Amino acid sequence: MEPASQFCYLTDNHTSVVGIRGVTSALGVVSLPVSPEEIEARAKDVVQSEGSSCQTPHLFCYPAQSNFSGRKYPLGYVRGIQARQLYPACDSKGRWFVLLDAASFASCSPLDLQEHPADFVPFSFYKMFGFPTGLGALLVRNDTAALLRKTYFGGGTAAAYLAGDNYYVPAPNMASRFEDGTISFLDIIALNHSFDSLHTLTGGMDKIQLHTFGLTRYTYMLLSSLCHGNGQPVAQIYSHSEFENPNTQGAILNFNLMDCHGQMIGYSQVDKLASLFNIHVRTGCFCNTGACQLFLGITNQVVKSNLQAGHVCGDNIDLVDGRPTGSVRVSFGYMSTFQDCQNFLNFVADCFVEKPVKVDQDKLDRLKSNTSSKGSSQCLLSMLTNGKPDHIDERVHASTDPVVNQRGGKAITKDAKSHEKAQTLTNIYIYPIKSCAAFEVTDWPVGPLGLLHDRGWMVVNGNRVCLNQKREPRLCLIHPQIYLPSNTLHLQASGMNTICVPLENHNEPHQSHRVCQNMVCGDRVETVDCGDEAASWLSEFLGQPCRLIRQSPDFSRDMKKGHEKEVSSTALSLVNEAQYLIVNRASVDLLQRHITSRQESSDDHQPLDTQKLISRFRANLVISGKEPFEEDDWSHLTIGNTHFQVAGRCGRCQMIGVDQSTGAKTKEPLLSLSAYRKGKVTFGVYLVHQSLGDSNSTLSVGSSVKSEMS
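Since the structure is predicted, the reported quantities are computational estimates derived from the model, not experimental observations.

### A word on the pairing of strand S11 (residues 252–257)
Where burial is concerned, most of S11 is hidden: six out of the six residues are buried. Burial along S11 is two-sided: the face carrying Ile-252, Asn-254 and Asn-256 and the face carrying Leu-253, Phe-255 and Leu-257 are both buried. Bridging between strand S10 (residues 235–237) and S11 involves three bridges; their strand directions are antiparallel. Note on S11: the bridge partner recorded for Ile-237 is Phe-255. Pairing analysis gives four bridges linking S11 to strand S15 (residues 327–331), with the strands arranged antiparallel. Each residue of the ladder has a partner; that of Ile-252, found in S15, is Ser-331.

### Description of the packing of aromatic side chains
Tallying each qualifying case throughout the model produces 23 aromatic pairs. Each ring, one from Phe-125 and one from Phe-129, has its centre 6.4 Å from the other, and the planes form 5°; the classification is stacked. Taken as a pair, Phe-125 and Phe-129 lie in helix H5 (residues 125–129) at a separation of four residues, close to a single helical turn. The residues Phe-125 and Phe-129 share a single accessibility class, namely buried. Among the aromatic residues, those joined into a ring-pair cluster are Phe-255, Phe-277, Phe-344, Phe-347 and Phe-352. Taking NZ or CZ as reference, Arg-42 lies 4.0 Å from the ring centre of Tyr-87, over its face.

### A look at the UniProt feature "modified residue: N6-(pyridoxal phosphate)lysine" (unreviewed entry) in the protein
The UniProt entry lists Lys-127 under the feature "modified residue: N6-(pyridoxal phosphate)lysine" (unreviewed entry), expressed in the numbering used here. Tracing the backbone shows Lys-127 in helix H5. Beyond its immediate sequence surroundings of up to four residues, Lys-127 is in contact with Ala-103, Ser-104 and Ser-107.

### Overview of the UniProt feature "active site" (unreviewed entry) in the protein
Here the UniProt feature "active site" (unreviewed entry) sits at Cys-287. Considering the arrangement of structural elements, one finds Cys-287 in the loop between strand S12 (282–284) and helix H11 (289–296). Its relative accessible area of 40% is what places Cys-287 among the partly exposed residues. Beyond its immediate stretch of four places on either side in the chain, Cys-287 contacts Asn-13, His-14 and Thr-15.

### Considering a nonpolar patch on the surface
Together, Ile-183, Phe-185, Leu-186, Ile-188 and Ile-189 make up a nonpolar patch on the protein surface, roughly 480 Å² of accessible area in all. Within the element layout of this structure, Ile-189 appears in helix H8 (residues 185–202).

### Let's talk about the pattern of salt bridges
Scanning the entire structure with this criterion turns up eight salt bridges. The salt bridge involving Asp-454 is made with Arg-455; its shortest N-O contact spans 3.3 Å. Each member of the pair, Asp-454 as well as Arg-455, is classed as buried. For Arg-547, the salt bridge identified is with Asp-532, shortest N-O distance 2.7 Å. Remark: Asp-532 occurs in helix H18 (residues 532–542) and Arg-547 occurs in strand S27 (residues 546–551); sequence separation between them is 15 residues. The exposure class assigned to Asp-532 is partly exposed, which follows from its relative accessible area of 47%. Each of Arg-464, Asp-529, Asp-532 and Arg-547 takes part in salt bridges that share partners, so that together they form one network.

### Some words on the sheet that holds strand S23 (residues 488–492)
Spatially, S22-S23-S24 is the arrangement adopted by the three strands of the open sheet, whose pairing is antiparallel. The outermost strands of the open sheet, each flanked by one partner alone, are strand S22 (479–483) and strand S24 (499–502). Going across the sheet, the axis of each strand differs from the next one's by a mean of 25°, ignoring polarity. Direction of pairing for S23 relative to S24: antiparallel, over a ladder of four bridges. Its bridge partner lying in S24, Leu-491 is registered against Ile-499. Strands S23 and S24 of the sheet are contacted by H18, whose axis makes an angle of about 135° with S24.

### Things to note about the nonpolar core
Grouped burial of nonpolar side chains is what soluble globular proteins tend to show. In terms of nonpolar packing, the biggest core is built from 65 residues, with Leu-223, Phe-255, Leu-257, Leu-273, Phe-344 and Phe-347 touching the most fellow members. Considering each element in turn, this core owes the most residues, eight residues, to helix H13 (residues 338–352). If near-sequence neighbours (up to four positions away) are discounted, Phe-347 is found in contact with Val-270, Leu-273, Ala-274, Phe-277, Ile-279 and Phe-352. Membership of the second largest hydrophobic core comes to 47 residues, among which are Ile-430, Leu-489, Ala-534 and Leu-538.

### Quick word on the sheet that holds strand S20 (residues 450–451)
In a beta sheet, neighbouring strands are held together by backbone hydrogen bonds and run either parallel or antiparallel to one another. Taken in spatial order, the three strands make up an open sheet running S20-S19-S33, and their pairing is antiparallel. Of all the strands in the sheet, just S20 and strand S33 (698–700) have a single pairing partner and so form its edges. Bridge count for strand S19 (residues 443–447) against S33 is three bridges, and the pairing is antiparallel. Looking at S33, one finds that Asp-443 is bridged to Ser-700.

### So, the state of the cysteines
Under the criterion given, the structure shown has one disulfide. The residue that forms a disulfide with Cys-285 is Cys-292, at a sulfur-sulfur distance of 2.1 Å. As the torsion about the S-S bond is roughly -50°, the Cys-285-Cys-292 disulfide counts as left-handed. We note that Cys-476 lacks a disulfide partner, and the nearest cysteine sulfur, in Cys-436, lies 8.8 Å from it. Look at Cys-476 and you get buried, because its relative accessible area is 1%.

Reading the values: the criteria
- Residues numbered from 1 in each chain as written.
- Predicted model: local features only at pLDDT ≥ 70, side-chain atom pairs only at ≥ 80, totals over all residues.
- Heavy atoms only, no water.
- Buried < 20%, exposed > 50% of the residue type's maximum accessible area, 1.4 Å probe, protein only.
- Helix = DSSP H or I, 4+ residues; strand = E, 2+ residues; numbered from the N terminus.
- Pairing = 2+ DSSP bridges.
- Phe/Tyr/Trp six-rings, centres within 6.5 Å; stacked < 30°, edge-to-face > 60°.
- Lys NZ or Arg CZ within 6 Å of the ring centre and 35° of its normal.
- UniProt positions renumbered as here; feature names shortened; annotations may be inferred.
- Contact = heavy atoms within 4.5 Å.
- Patch = residues over 30% accessible without salt bridge, like charges linked within 9 Å, V, L, I, M, F, W, Y side chains within 5 Å.
- Areas by Shrake-Rupley, 256 points an atom, 1.4 Å probe, with all protein chains shown as cover.
- Salt bridge = Lys/Arg side-chain N within 4 Å of Asp/Glu carboxyl O.
- Axes fitted to C-alpha atoms, helices over the stretch in contact; angles between N-to-C directions.
- Core = buried A, V, L, I, M, F, W, Y, C linked by side-chain atoms within 4.5 Å.
- Disulfide = S-S within 2.5 Å.

Structural data, given as C-alpha cells:
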C-alpha cells in the first residue's frame, strides 16, 4: 500500500482485522472505519469509469459473518467493492481489493470463491473441525499475490541472500515466500482426514449450515419467549434478524440475561453457573469492540472510563454502574444436538427464571409453525412449566414466609429489634497456603497485608503455574498450621508425615530457596522457593511435580481498581482481591434453608449444614449479623478497636462448589445462591484494613462488630 492508499474496515470486525491499521498507519495509509449501514446507504449504482487509469491500491475488510452476533453480510459486497459501486470504494479512485474474513463463516457455511472472488480470505481450521488448535490459512488470489511485498525474510523464504551484503531474492512460490520457518506440518497432515471425516459424518457444508441454523433458531425462539413469573422477559438478544434465513444468520446466539426487575445479570455469573452444568459459553466482547459497542450502547467515553475504573478485556468485571460491559455467546457446530439446546434452555430456566415460567405466546406460536421443531418445543415447554419443580417460587415465598422479608432477611419487628443481640465476631480463619485448608484461631495479629501470614504461600506446578481448587481440588485436604512461638509452618495431610517449614528464611538465597516470579490474578509477584523437602511432600501427596513458594518479604503488591467503592491503595498478600473476606452468619443460615428446600424437592438430597456451608466460602472473618445480606450495604466496619473499609462485594467463583472436607465437586451452594439472588452470586464483602500504622492490633473471637451503611 502507498501513502495515498486507504485501509477501510467494517466496524463489526474482529480485533485481528482492526489491528491491521497499526501496520498501515506506519506507512502513511489512511484508516477509515465504516459502519454496516453505510456500505449500501452511501452506494452509487452508476458504474465507475472515471479514474480507471489510477492504480492506487486500497483495501476493504469485512467479515462474511459477524463473530459477535452471527449476522451474515452479503457476499456480493466483494464484487461491489471491487467494481467501486459500494461505499467507500465508490468515493475513491484507484484499485480496490477485498479481504473477506471467513473465520466465523466457514465453520458452518459453504463459501464459493469463484462466485465471490475476494482477494484475501483468512479462515480457521480449528473453527471448522475443533482440531488442530490455532491452525488456519490465508487464501490469496494468484493475480493479487504479485502485489504483496515483504519486509522481513526468515528460514525457507529466500531463494538466495548474502549475510555480508544487503542482497536478498525471495522464493518464487508465494506460499514459500510468506511461510517463515518450519510450518506445522504434523497438524496440516491431519487436515485431509478432517475434511474426509466432516464429509462422511455430515454430507457436506450445506447440510451443516441447515443443521446448525435449525438449532440456533430453535434456541433463539424459546429463549426470546421465556419470561419471569411477573411477565418480564428473561433475555435481551443481540441480533439484526429473527433468525428466519440461514443466508443472513449464522449459528451464533448472543444475549444477556435479566432478572424479574429488568436488571442485567452479569455475564461472568452466567459463565460460572453454566460450567456447573457442563455447558461452555463465551463471554465478554469476543474481540469485537465495534459490535459490542453497537449492541450494548457503549460509547467511546464509557470504554475509556471503564478502563480507568479497572475493567480490561478478559476480566470478570461484567457490570459497571449496572450496565453490562459484555454479553454471553452460544455457538453451535456440526456435532451439536437438540438435546444440547434443551439442556441449555433448562439451565437458564433453572437458574435465572423467577417461577412460574411463562412464555410469550406469539413468539412460541411462530416456533410451532416450524414443523421441524414443533414436537421438541412442546416437549421443552412441558418440561419447563409442568415438570417437577427444582426450585421453590422465591417471589411467592418471600411474601408468604413469616420469617423471611422481601430482601431475603428475617422479618424483625420493633419489639424484636430492642432484644436483638449485638453483632459479634464468631470465627477467624487464616489460609496460610493459598487454596489449602483453613486454620481456625480464636485471636490473631493483624499485619500490613491483613491477618498475619494469611495467603503468604502458594503451591505451583511443574510449569510454575499457581494451583487452585478448580485445578486441583485435593488442595483442600492439605492442612497448614502456623506456630508463632517456634516461627514455623506445619503441613499435615492424611497418610503423610507432618513437615515443618520456617515462616521466614533469614539465610542468603541459595538453590533450594531461589527467588522467582509468578502470576497471581494477572499480577507478577516476586516469590521465594521454600525448598526441596516441601516440594517433595507436596508432589507425593498431589501426584504431580509441585513446589511451595511464598511471597518475597521485600515485594509489594497493590489492590486493583474496579471495586464497587473507592478504596485507598492497599498492599496485598497472595489473595485475589482484598485483604479480608467477611461473611454474615445470618446470610449463611438463610442460604442453608434455601438449599434444604431445593433438595427436599429433588431426588438429590445431600445435606449441607451451616458450618460446612461457611467453609465453602473460605472467609477470613465470620460475624453474627442481624439480618441476612445486610452486608451488601455496608461501607465501613469496626471489629473491636480495628477499623475496616468495605472494598466491594465478592463475586463467588467455582471454588465454593468444592467440598472442603473431601475435595468433591458439587453444584451447591452456587446453584441455590444464584437462584435465590436471581443470578447475582455475590456472597460476603471484601474488607480493607484502615489502621495500617497499628502494629499491635489483634482480632479476637467475641469482639463486638459495628457496621456503617453506605
